[in-house]
Amino acid sequence: VIHAITLVVDWLAVVLVLAGTVPIFVGTYQILLACLHGLRNHYGQCAPYYPRTAIIVPAWNEGAVVGGSIDRLMRLEYPPDALRVYVVDDGSTDDTAEVVRAKERMYPGRTIHLRRENGGQGKAHTLNHGLAHVLSDDWMQALLIMDADVIYSPPSLRRMTRHLADPAVGAVTAYIKEGSRPGNYLNRFIGFEYIAAQAAARRGQNVLGVLACLAGGAQLHSRENLEALGGRIDTTSLAEDTFTTFNTQLRGRKVVFEPHATVLAEEPGSVGSLWKQRVRWARGNFQVTRRFRSVWFRPWAERRLGSVSFGLIWFSLFLQPLLMIGASAGLLTLFFTNRELASTAFSWLWISTALTFVFITALTVMIDPGTGWHCWREAVTFPGLASLALMLYALFPDQVRRGIVELADLAGVTLTHRGVEIATLLVYAWPAASMLVATLAKKAAERARLGWLSPVLVYLVGYGPLLCAMSLAAYVKELRGASMAWEKTEKTGKVVG
Amino acid sequence: MNPRFDEEIEDDRRYERGLLVKAGVAILLVVVVAVLHELSLHWG
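We now turn to the structure provided with this report. (Residues numbered from 1 in each chain as written. Chains lettered and ligands numbered in written order. Predicted model: local features only at pLDDT ≥ 70, side-chain atom pairs only at ≥ 80, totals over all residues. Heavy atoms only, no water.)

1. What about the overall build of chain A?
Now for step 1: Within chain A one finds 20 helices and 8 strands.
Now for step 2: Radius of gyration (C-alpha) of chain A: 24 Å, near the 23 Å computed for a compact globule of 497 residues.
Now for step 3: Across the 497 residues that make up chain A, the buried fraction comes to 57%.
Now for step 4: Surface summary for chain A: the accessible area is close to 20700 Å², and the carbon and sulfur share equals 62%.
Now for step 5: Of note, chain A has its 49 positive side-chain charges centred 2 Å away from the centre of its 39 negative side-chain charges. (Helix = DSSP H or I, 4+ residues; strand = E, 2+ residues; numbered from the N terminus. Rg over C-alpha atoms; globule rule 2.2 N^0.38 Å. Buried < 20%, exposed > 50% of the residue type's maximum accessible area, 1.4 Å probe, protein only. Areas by Shrake-Rupley, 256 points an atom, 1.4 Å probe, with all protein chains shown as cover. Lys, Arg positive; Asp, Glu negative; His and termini not counted. Charge placed at Lys NZ, Arg CZ, Asp CG, Glu CD.)

2. Thoughts on the packing of aromatic side chains
Residues and elements named next belong to chain A.
Now for step 1: Counting across every chain of the model gives 26 aromatic pairs over all chains.
Now for step 2: Here Phe335 and Tyr428 contribute two aromatic rings whose centre-to-centre distance is 6.1 Å and whose plane-to-plane angle is 80°, an arrangement assigned as edge-to-face. Of this pair, Phe335 sits in helix H12 (residues 320–337) while Tyr428 sits in helix H18 (residues 417–446), placing them 93 residues apart in sequence.
Now for step 3: Pairing Phe382 with Tyr463 gives two aromatic rings, centres 5.3 Å apart and planes at 55°, and the pair type is tilted. Residue Phe382 is located in the loop between helix H15 (376–380) and helix H16 (385–395), and its partner Tyr463 is located in helix H20 (residues 463–479); the two are separated by 81 residues in the primary sequence.
Now for step 4: Looking at Phe382, the relative accessible area reads 19%, which means it is buried.
Now for step 5: Through successive ring pairs, a cluster of aromatic residues spans Phe243, Phe246, Phe286, Phe292, Trp296, Phe297, Phe310, Trp314, Phe315, Phe318 and Tyr475.
Now for step 6: Over the aromatic face of Trp139 sits the side chain of Arg84, whose NZ or CZ is 4.0 Å from the ring centroid.
Now for step 7: Over the ring of Phe335 we find Arg339, and its NZ or CZ is 3.9 Å from the ring centre. (Phe/Tyr/Trp six-rings, centres within 6.5 Å; stacked < 30°, edge-to-face > 60°. Lys NZ or Arg CZ within 6 Å of the ring centre and 35° of its normal.)

3. Examining H18 of chain A
Working note: α-helix, 3.6 residues per turn, so residues spaced by three or four point in the same direction.
Residue and element names in this part refer to chain A.
Now for step 1: Of all the bends in H18, the greatest reaches close to 70° and is centred on Trp430; the proline Pro431 follows between one and four positions later.
Now for step 2: Those residues of H18 that fall on the buried side of the exposure criterion are Tyr428, Ala429, Trp430, Pro431, Ser434, Met435, Val437, Ala438, Ala441, Lys442 and Ala444.
Now for step 3: If you follow the buried residues of H18, they end up packed against helix H10 (271–291), H12, helix H13 (339–367), H16, helix H19 (453–461) and H20. (Bend = angle between axes of the 7 residues up to and from the residue. Contact = heavy atoms within 4.5 Å.)

4. Some remarks on the interface of chain B and chain A
Now for step 1: Listed per partner, the contact involves 27 residues of chain B and 38 residues of chain A.
Now for step 2: Regarding the contact of chain B and chain A, the summed buried area is about 2800 Å², with carbon and sulfur atoms giving 69% of it.
Now for step 3: Inspection of the chain B/chain A interface yields 5 salt bridges.
Now for step 4: Between Arg158 of chain A and Glu8 of chain B there is a salt bridge, with the nearest N and O atoms lying 2.6 Å from each other.
Now for step 5: Run the count over chain B and chain A and you get 10 residue pairs in polar contact (both at pLDDT 80 or more).
Now for step 6: Considered class by class, the residues forming the side of chain B that touches chain A number 17 nonpolar, 4 polar and 6 charged. (Buried area = accessible area lost by both parts, 1.4 Å probe. Salt bridge = Lys/Arg side-chain N within 4 Å of Asp/Glu carboxyl O. Polar contact = N/O pair within 3.5 Å; in protein donor to acceptor, adjacent residues only side chain to side chain. Nonpolar A, V, L, I, M, F, W, Y, C, P; charged D, E, K, R; others polar.)

5. Some words on the state of the cysteines
All names here are of chain A.
Now for step 1: By the definition in use, this model includes 0 disulfides over all chains.
Now for step 2: Cysteine Cys375 remains unbridged, with the sulfur of Cys35 as its closest cysteine sulfur at 19 Å.
Now for step 3: As a non-bridged cysteine, Cys468 has Cys213 as the owner of its nearest cysteine sulfur, 18 Å distant. (Disulfide = S-S within 2.5 Å.)

6. Looking at the packing of H12 of chain A against H20 of chain A
Residues and elements named next belong to chain A.
Now for step 1: Contact geometry of H12 with H20 gives a least axis separation of 8 Å together with a crossing angle of 110°. It follows from the interaxial angle that H12 and H20 lie roughly perpendicular. Along the contact surface, H12 presents Gln320, Pro321, Leu322, Met324 and Ile325, while H20 presents Pro465, Cys468, Ser471, Leu472 and Tyr475.
Now for step 2: Grouping the amino acids of the contact of H12 with H20 by side-chain chemistry returns 8 nonpolar, 2 polar and no charged. (Axes fitted to C-alpha atoms, helices over the stretch in contact; angles between N-to-C directions. Parallel < 35°, antiparallel > 145°, perpendicular 65-115°, else oblique.)

7. What to know about the pattern of salt bridges
Now for step 1: Overall, the coordinates contain 28 salt bridges over all chains when judged by the stated rule.
Now for step 2: For Glu10 of chain B, the salt bridge goes to Arg17 of chain B, with nearest N and O atoms at 3.0 Å.
Now for step 3: Given the relative accessible area of 28%, Glu10 of chain B is considered partly exposed.
Now for step 4: Through salt bridges with shared partners, a single network forms among Glu77, Arg158, Arg159, Arg162 and Glu258 of chain A together with Arg4, Glu7, Glu8, Asp11, Asp12 and Arg14 of chain B.

8. What to know about the nonpolar core
Residue and element names in this part refer to chain A.
Now for step 1: Of all hydrophobic cores here, the largest spans 133 residues; its most connected members are Ile55, Tyr152, Trp314, Tyr463 and Leu466.
Now for step 2: For this core, the element with the most residues is H13, which contributes 14 residues.
Now for step 3: In this structure, Leu466 is in contact with Val271, Leu274, Trp275, Ala438 and Val458, ignoring residues within four places of it in sequence.
Now for step 4: Core analysis: the next-biggest nonpolar cluster, separate from the first, contains 16 residues, Leu114, Leu131, Ile145 and Ile233 among them. (Core = buried A, V, L, I, M, F, W, Y, C linked by side-chain atoms within 4.5 Å.)

9. Structural notes on a nonpolar patch on the surface
Now for step 1: Residues Leu32 of chain A together with Ile27, Val31, Val32, Val35, Leu36, Leu39 and Trp43 of chain B make up a contiguous nonpolar surface patch of roughly 720 Å² in combined accessible area.
Now for step 2: By residue number, the principal contributor to the nonpolar patch is helix H1 (residues 5–43) of chain B, which donates 7 residues.
Now for step 3: Val35 of chain B sits in the partly exposed class, given a relative accessible area of 43%. (Patch = residues over 30% accessible without salt bridge, like charges linked within 9 Å, V, L, I, M, F, W, Y side chains within 5 Å.)

10. A short note on the pairing of strand S6 (residues 169–178) of chain A
All names here are of chain A.
Now for step 1: With 10 of its 10 residues buried, S6 lies for the most part within the structure.
Now for step 2: Two strands pair when backbone bridges link them, and S6 and strand S8 (residues 254–265) are joined in this way by 9 bridges, in the parallel orientation. Across the sheet, Lys177 pairs through a bridge with Leu264, a residue of S8.
Now for step 3: Strand direction decides the pairing type here: S6 and strand S7 (residues 218–222), joined by 3 bridges, are antiparallel. Counted as the bridge partner of Val172 is Leu220 from S7. (Pairing = 2+ DSSP bridges.)

11. Overview of the sheet that holds strand S5 (residues 151–152) of chain A
Residue and element names in this part refer to chain A.
Now for step 1: In spatial order, the strands read S3-S2-S1-S4-S7-S6-S8-S5; together these 8 strands make up an open sheet with mixed pairing. Of all strands in the sheet, those with a lone pairing partner are strand S3 (111–115) and S5, marking the two edges.
Now for step 2: Looking at chain direction, strand S4 (residues 142–146) and S7 are connected through 5 bridges and run antiparallel. Within S7, the position partnered with Ile145 by the bridge is Gln219.
Now for step 3: Here helix H7 (residues 185–208) sits on the sheet in contact with S6 and S8, set at roughly 155° to S6.

Okay, here's the thing in structure tokens:
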């Protein structure tokens, strides 16, 4: 009986370790789909199309950036009489109102300042104020929702509107790129993340015919789509962009990602600011997962959103922090029950991680070579230096072991059996422990004297585990029913177009 | 507004088709790492 129980425990532990590899294989699947975008895309249904487009810019204390944004919007390669910019000033207390009024005088009839006196309720409420205004007459045929700080490349809008020539398309999103220059290490990590999560992943989703999220700073809707959505953006969640994306597709309209419409955005430059932003996003995704529970894995009911492929993509990311903890738990269990199997499972986990890492990183850099080369160091260290060392150990165990022994000899350190066991336990615990160390990067960033330690820890544990730690923190907050106060990401106007 | 519409669409399509070649290069890199791993087991 004891033998049978041990066997069951061993195999359960192996399953946990194997489950830890699901996100990397699903990530690989998604990026492989992206490569098929040349064969399956929406370009065949595109046509020259320039609908009368209203641009809504939600603004709360954006005085530093909004003036430049309006100037650049006026220079878009788009018929001037078919473009109006509505800045919805959400009760700003800085000089946003003065800046926008000056632009109203500079571009009469093409820039409109809308003031919302009782602001501060969040972006969705601000957008709804603007939406009610533009839907009140029939001038607007398409609506572009953007952020005050983003910079659209001159041809981007017409590259998006060409998809709306197909009446089946309800909304189009663009490729948001991190645009802070010179930018710091965190901006470069985000730069690489955005190639993977947008340029690559959303191409893959185009191939599947279903999109997870319209970028908040670049979503173009047809008027028909907005009216079908009730003329309002969801205000009950922290993920209004994803709610809009899902609801558009559930009403039978297509959502398309246009990779050649590029938009530069300023993203957080500190771990603290990134933490706030990503906890908000992850809480939003948690709310989406719950709200659309009748959609997942039901291809017979919802052909695209309910497909197995899309469900795997969504849940492998959503559950990644838990899967990492599970992988560590599996390895640690095997350490005490079956050392040989533990060693084999460790090799499976880290060799598959290493091979998929090489594939995903190389392809991601090649998808957007300009950004990729700018961020190449962060691309290589994305999983963290510690995890890279584990990948090397899994790939070349004898050589690395020999190197460690030689280094220990050089340093005059004797490797004891007990020391090796403790090191093995730490290595097995690393997938889960990396998230714990990532939270220390946030704590260090909050203390002036330890600020230097934060980037060191991020490079050590990796940006990927840092994101997982943020997701985990978000899920805990969500389950505890924490307040949904909107915390705006600070913008300083570092984006250079 | 955009007399180069067809040309631009064709450029974008060409770029997208080029992703298949890039995937081939990335797969080749993975094969190289896998072969190095196998060789290291024999040299170890």
